[in-house]
Structure formats: structure tokens, C-alpha cells
Amino acid sequence: RMKSRVPQDLRPMHDGARRIVDDAIVSDIPLMYGPGEVGLAALMVANEESCAAPAGDGGDGSNSSAPKSPEIDMVGYIRSRFLDSNESEVKVDVEMMGAVIARVTRLCQFLRELKEGKHGCGNHHVDMERLKGVHKKLKKCRAWGPIPAEKEGKKKKKKRKAEEEKNGDEEGAN
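Reading guide: rules and limits
Residues numbered from 1 in each chain as written. Predicted model: local features only at pLDDT ≥ 70, side-chain atom pairs only at ≥ 80, totals over all residues. Heavy atoms only, no water. Helix = DSSP H or I, 4+ residues; strand = E, 2+ residues; numbered from the N terminus. Buried < 20%, exposed > 50% of the residue type's maximum accessible area, 1.4 Å probe, protein only. Contact = heavy atoms within 4.5 Å. Areas by Shrake-Rupley, 256 points an atom, 1.4 Å probe, with all protein chains shown as cover. Salt bridge = Lys/Arg side-chain N within 4 Å of Asp/Glu carboxyl O. Axes fitted to C-alpha atoms, helices over the stretch in contact; angles between N-to-C directions. Left-handed = near helix turned anticlockwise from the far one by under 90°. Nonpolar A, V, L, I, M, F, W, Y, C, P; charged D, E, K, R; others polar. Core = buried A, V, L, I, M, F, W, Y, C linked by side-chain atoms within 4.5 Å.

Caption draft 1: Inspection of the overall build of the chain at higher detail. Assigned secondary structure in the chain consists of seven helices and zero strands. Along the chain, from the amino end to the carboxyl end, the secondary structure elements read α-α-α-α-α-α-α. Looking at the chain as a whole, 22% of its 174 residues are labelled buried. Across the chain, every contact between residues at least 6 apart in sequence was considered, and the portion connecting residues at least 24 apart equals 64%. Looking at the chain as shown, the accessible area adds up to about 13200 Å², and 55% of this sits on carbon and sulfur atoms.

So this is what it looks like as C-alpha cells:
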């Protein structure tokens, strides 16, 4: 007999997927994959992690007494959703669906590697000194657009005021 599921059963998987997506957002992955692919792959990886976690851990490290997530076959769901039920009379391209599944499976591996700081993930193993240096260079770079006239005027005003004070101090010393 199959146990009925309630939303709380999926909470560890949801929370894990959110953490994975948070890491993915600050990486190069959104430049290579669409939001739907990233979301589905994050759910797949989070499901694997929460199912592999010891009972009571919930996969999120909280050590709560909540049961772990049920194991969900996402690839099986995709296949059954698009092959078995053709409610909208849409012709399903089996080869294309296989390519999508392969692409999402490859993305799952990339998402697992984010914790190692791979794929440009800024949440793990970041050399802050190097990051600060790059940030300073970017601030100086005019590729971000010209300095607005009002800021340029303020800089000139400050410079002129500093020069006047300097000249005033020199005249007072003579």
C-alpha cells in the first residue's frame, strides 16, 4: 500500500533545490541553460541528496525529526508525461525528448560541481583578494558607461575646492 504524500514530505527536496538554484544563479550556468532546465535539474539533484541523507537529517543538515523526501523518478515523470498522455494532440518527438533528458542530466553534474567552486560559482571557495582587485578594475573601467554629468561636476567641484584650500594655505604661510 502506497503512503499518501503531503507537501511537508517534499520540503527537504524543495529547500535543497532552492540552495542549489541560489548557487547556480551566481555561476555561469544561467548563461548556458534555460530557467526551466536549471529548475528541473536542481530538483533532481536535491531529490538525490535528500534521499541519500540519513533518516531524520532531511537532506538539509538541520537534523530535524522530519522524514526524508520520497524518491522521485523525474526522468520517468518526463517520459510518462510526454509519451503516455497526448491530451493536446501534440506530436512528441522522442529523439528531442531524449536530447532534453540528456541535457538536463549533464546539467545535474554541473550543479553537483558548484560546491567545489566550479563553473564560476561565487558562493564557494572565492579568493576575496582577487575578487576585490577585479572589482576595483571594473569600477575604473568606462565600459560600464560614461560618468553621469552630475557626478563629473561634483568631482570637479571637490578638486577645485581642494586646490583653493591648498593655495589659501600656501598664501597664509607666506
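Caption draft 2: Layout of the pattern of salt bridges. Taken as a whole, this structure holds three salt bridges when the rule is applied. A salt bridge links Arg112 to Glu48; its shortest N-O distance comes to 2.8 Å. Here the residue Arg112 occupies a position in helix H5 (residues 94–113), and Glu48 occupies one in helix H3 (residues 35–52), the gap between them amounting to 64 residues. On the basis of relative accessible area, Arg112 is assigned to the partly exposed category, the value being 31%.

Caption draft 3: Quick look at the packing of H3 against H5. At a minimum axis separation of 9 Å, H3 and H5 run at an interaxial angle of 65°. Pair H3 / H5 crosses with right-handed handedness. Here Glu37, Val38, Leu40, Ala41, Ala42, Met44, Val45 and Glu48 of H3 lie close against H5, whose contacting residues are Arg103, Val104, Leu107, Cys108, Leu111 and Arg112. Residue composition of the contact of H3 with H5, grouped by class: 10 nonpolar, no polar and four charged.

Caption draft 4: How the structure looks around the nonpolar core. In terms of nonpolar packing, the biggest core is built from 22 residues, with Ile20, Ile29, Val38, Ala41, Met44, Leu107 and Leu111 touching the most fellow members. Those elements giving two or more residues to this core turn out to be helix H1 (11–25), H3, helix H4 (74–84) and H5. If near-sequence neighbours (up to four positions away) are discounted, Val38 is found in contact with Ala24, Ile29, Tyr33, Leu107 and Leu111.

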